[in-house]
Amino acid sequence: MAADLQAKYQKLAQEYSKLRAQNQVLKKAVVDEQASTTVLKEQIKMKDQSLRKVEQEMDSLTFRNQQLAKRVELLQEELVATETKGKKNKQKSSDSTSQHSHQHQSVFDEDLQKKIEENERLHMQVKSQTLEREAKECRQRTEECQQQLKKCHAELNSRLEQVTSIIQEKVSFNDTKHWQYNTLNVPPHNRRHQLKARDIVGQAFTFVQDLVAALLNFHTYTEQRVQIYPIDSATDTISPLNQKFSQYLHENAAYVRPLEEGMLHLFDSVTEDTVTTLETTVKLKQFSDHFTSYTCFLQKILPYQLKSLEEECESSLCTSSLKTKNSELHSDVKKMTSVFEKLQNYIGLLALPSTKPEAILQANSSAVFTQLAACLHGLQDVMKDVSKHYSQKAILEQELPTVTQKLQTTNECILTSLVSLSNVTGKIATYFSNNLDFFTAPTGYGPRAGAGTMNPLHAESMLQCKKRAAGYIQALKKPQPESVPYVEALAHRRILLSSTESREGLTQQVHQSQEKIAKLEQEKEHWMLEAQLAKIRLEKENQRISELEAQLAGSSSRQLFLPTPESPSAQPTPEEEGEEPGERGLGEPIRSASLIGMLTTKSEEVKIPDEECREQLIKSHYMSRVAELTSQLQVADSKAVHFNAECRALAKRLTLAEKSRDMLTEEVKLANQNVSRLQDELTTTKRSYEDQLSMMSDHLCSMNETLTKQREEIDTLKMSSKVSLITS
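All values reported here derive from a predicted model rather than from experimental measurement.

1. What to know about the overall build of the chain
Then step 1. Each helix and strand in the chain was counted, giving 16 helices and 0 strands.
Then step 2. Counting every position in the chain, which comprises 728 residues, the buried fraction comes to 24%.
Then step 3. Excluding contacts between residues fewer than 6 apart, the proportion of contacts in the chain whose partners are at least 24 apart in sequence is 84%.
Then step 4. Accessible area for the chain stands at about 52,100 Å²; split by element, carbon and sulfur atoms hold 57% of it.

2. Let's talk about the packing of helix 4 (residues 191-228) against helix 10 (residues 405-434)
Then step 1. Packing of helix 4 against helix 10 leaves a shortest axis separation of 9 Å and a crossing angle of 155°. Between helix 4 and helix 10, the interaxial angle falls into the category roughly antiparallel. You can see that helix 4 and helix 10 cross each other, and the crossing is left-handed.
Then step 2. Among the residues forming the contact of helix 4 with helix 10, the class breakdown is 17 nonpolar, 9 polar and 4 charged.

3. As for the nonpolar core
Then step 1. One finds Y294, F340, L343, L418, L421 and F432 to be the most contacted residues of the largest nonpolar core, which totals 63 residues.
Then step 2. Ranked by the residues each element gives to this core, the list is headed by helix 4, at 14 residues.
Then step 3. Sequence-distant contacts of L418, that is, excluding residues within four places in its chain, are made with F218, M383, V386, S387 and Y390.

4. A word on helix 5 (residues 240-249)
Then step 1. N242, F245, S246, Y248 and L249 are the residues of helix 5 that are buried. Each buried residue of helix 5 sits inside an arc of 160° when the element is viewed along its axis, so together they form one side.
Then step 2. Each element contacted by the buried residues of helix 5 is listed here: helix 4 and helix 7 (283-314).

5. Quick word on the pattern of salt bridges
Then step 1. Evaluation of the coordinates by the stated rule reveals 9 salt bridges.
Then step 2. For E328, the salt bridge goes to K325, with nearest N and O atoms at 3.6 Å. Highlighted residues: E328 and K325, both in helix 8 (residues 320-351), separated by 3 residues, approximately one helical turn.
Then step 3. Judged by relative accessible area, which is 16%, K325 ranks as buried.
Then step 4. Where E541 meets R544, a salt bridge forms, and the shortest distance between an N and an O atom there is 3.2 Å. Taken together, the residues span about one helical turn, with E541 and R544 both in helix 14 (residues 503-561) at a distance of 3 residues.
Then step 5. Here the salt bridges share partners, and the residues they tie into one network are R225, E312, K393 and E397.

6. A word on the UniProt feature "coiled-coil region" (unreviewed entry) in the chain
Then step 1. Here, the residues flagged by UniProt with the feature "coiled-coil region" (unreviewed entry) are residues 654-688.
Then step 2. Helix and strand shares over residues 654-688 are 100% and 0% respectively, and the end C-alpha atoms of the span are 50 Å apart.

7. Focus: the side chain of T425
Then step 1. When you line up the elements, T425 lands in helix 10.
Then step 2. Non-local contacts of T425, meaning those with residues more than four positions away in its chain, are made with L211, L379, Q380 and M383.

8. Focus on the packing of aromatic side chains
Then step 1. This model, assessed by the stated rule, comprises 12 aromatic pairs.
Then step 2. Members of the aromatic cluster, joined through ring pairs, are Y255, F287, F291, Y294, F297 and F340.
Then step 3. Seen from the ring of Y248, K300 lies directly overhead, with NZ or CZ sitting 4.8 Å from the centre.

9. Some words on the side chain of N435
Then step 1. You can see N435 is positioned in the loop between helix 10 and helix 11 (436-440).
Then step 2. With a relative accessible area of 11%, N435 lands in the buried category.
Then step 3. Contacts of N435, omitting those with residues within four sequence positions, involve K196, I200 and Q203.

10. A look at empty space enclosed by the protein
Then step 1. By the definition in use, this model includes 4 cavities of 30 Å³ or more.
Then step 2. Here the largest cavity is characterised by a volume of approximately 230 Å³.
Then step 3. Considering the residues around the largest cavity, the lining is formed by 17 residues, among which F218, T222, Q305, L309 and Y390 are closest to the centre.
Then step 4. Where the lining of the largest cavity is concerned, the elements lending two or more residues are helix 4, helix 7, helix 8, helix 9 (362-398) and helix 10.
Then step 5. Grouping the amino acids of the lining of the largest cavity by side-chain chemistry returns 11 nonpolar, 3 polar and 3 charged.
Then step 6. Space inside the second largest cavity adds up to approximately 70 Å³.
Then step 7. Contributing to the lining of the second largest cavity are L40, Q43, I44, K47, C138, R141, T142 and C145.

11. Topic: the packing of helix 7 against helix 8
Then step 1. In contact at an axis separation of 9 Å, helix 7 and helix 8 are set at 165° when each is read in the N-to-C sense. By the angle between their directions, the pair helix 7 and helix 8 is classed as roughly antiparallel. Along this stretch, helix 7 crosses helix 8, giving a crossing that reads as left-handed.
Then step 2. Among the residues forming the contact of helix 7 with helix 8, the class breakdown is 16 nonpolar, 10 polar and 6 charged.

The rules behind each value
- Residues numbered from 1 in each chain as written.
- Predicted model: local features only at pLDDT ≥ 70, side-chain atom pairs only at ≥ 80, totals over all residues.
- Heavy atoms only, no water.
- Helix = DSSP H or I, 4+ residues; strand = E, 2+ residues; numbered from the N terminus.
- Buried < 20%, exposed > 50% of the residue type's maximum accessible area, 1.4 Å probe, protein only.
- Contact = heavy atoms within 4.5 Å.
- Areas by Shrake-Rupley, 256 points an atom, 1.4 Å probe, with all protein chains shown as cover.
- Axes fitted to C-alpha atoms, helices over the stretch in contact; angles between N-to-C directions.
- Parallel < 35°, antiparallel > 145°, perpendicular 65-115°, else oblique.
- Left-handed = near helix turned anticlockwise from the far one by under 90°.
- Nonpolar A, V, L, I, M, F, W, Y, C, P; charged D, E, K, R; others polar.
- Core = buried A, V, L, I, M, F, W, Y, C linked by side-chain atoms within 4.5 Å.
- Arc of directions from axis to C-beta.
- Salt bridge = Lys/Arg side-chain N within 4 Å of Asp/Glu carboxyl O.
- UniProt positions renumbered as here; feature names shortened; annotations may be inferred.
- Phe/Tyr/Trp six-rings, centres within 6.5 Å; stacked < 30°, edge-to-face > 60°.
- Lys NZ or Arg CZ within 6 Å of the ring centre and 35° of its normal.
- 1 Å grid on protein atoms, 1.4 Å probe; cavity = no way out; pocket = protein on both sides within 12 Å on 5 of 7 lines; lining within 4 Å.
- Points joined across faces, edges and corners; volume = space filled by probe spheres on them.

This is the structure in structure tokens:
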């Protein structure tokens, strides 16, 4: 099952990657075609504009020609009128000359009119020919563009139909259409964004280090100046105001150094394996808190600093020019504190989504970033003004007759710290302006195909999926075993087919060989028993032969000392030996005097058939017992083999069941975690909706109140207007 699921998952992943690549290609083609169509439309618009301009020029030229013609006619009429008047006033002698001039003028006017008409006609022909050419070219281009546009539309429609059919076949449910479901999708991980974010935060950390060092120097040397000017604490007691001011300035490190620590924690939290957005940068809230505490410190020391400047102005050594510089520093210090307050507000707004993800929209966050960049430039300008005015003040203080070397060195140290502050704030402002596009641009994290905020739970699930994907890719990169050559595989296949065909014959041969082995085992046992019996018989025969040889030797020695057989007293009778013939019976063998008679006895003839019968019975019993035992042994072996196979199969099933149990437990854990997360999200959404509903209800109530007030005002105005009408 796991292998099938993995194979299906791989197929789905491959199809998804193919579809995604096709979709990207289609998107690119659509974008290109849209760009080309926009370019062509712009060209058509330009040509239409040029045509309109030419038509307007033609209209203006015709209008001017008409005006000129009318003007010529008026001039001719005026000329005629003047001529008639001149005829009346002049004498008859001038009549001939006036007629001649009139004729000459009329001829000149006719020639001028003809030339004007001819010029107008030629001009119209030229303008019309050029316009016809341009119109033809524009028509041809528009036709070509329309044909290309039709082709592109046809190709895009065919591709769109293919993609939609594939999506309908493969994608059973498109959750990106509904934002409720789309928020549950896990966004992809953007490694480039993470590397860029880490680089930017690293630069910010170095700038904050420089800023912290400059602020520490500025506050420390300011405390030293308060201790020595206008009254030196070594010679006389300073005022209570300056004592309190120096006490507060002595605590500056407790408010300034946490800024560096907070930025360091923020830099450590931004890595390649994390997700960096305003909703997930929890350490930004810590930096914001430290910055808030520092602004509170500036607000706390601001009135003491202003009073200290006023006290310097009240001293007898302060000149008018020093008073003006102190007043300028007075306003500069206020501006600096207000700028830090603005920065604190903007940083607090940027840190708010880490605690409340839906508090600020992305458009509003980009506006906050732009305002923060402007505020940083304002801080740079303020620090420049402070350093400039303080340098002028230090120059004026050096001209005083009562100035000390300690005050001069302190002023120089304060100036260097202010210069470093102005430089650092300038670097920070330029750095932030250069990276403003990165801050305001969308991060790419969030729900697919829609707008939304990045939830920390989304970030956690994204990182888990990233780890799984990395592990899966590493598992795929394992070296594959060497494959068998094709020819060798074909040979193995033939051998396998031939072996499968002869499997039944081999099984029959195995059964026959097993039966033969069983028979041979039985025969082996039989012949082993036969050999044992033959060995026993051989031992008995050897004993008998040895006994017979001993008897034979004894009988030969007796015959040497006994009398001859003729004498009757030579052979003892049984009565003489004191034994009866019945007493021997079966106890001893009856031996004859000859050697042949000594080889056989009566007792042996009686015992031999009994022993043979007993051996045969024992043999048959043991043979049957051995056959039974061999058959039982074979049955036990077969059962053992069967049980061994069953045990192996059960062990495999047990391992598979344990693996499936582990997988199911992990799935159950993940499901429980998802359920808990969904419940948390549901509760948060419910709360947000309830808050929004309450706010909307309050807003509606306020709107109703305003509407009622407006209606009342309208009614009062109507009544007043009616009253005024009645009175009038």
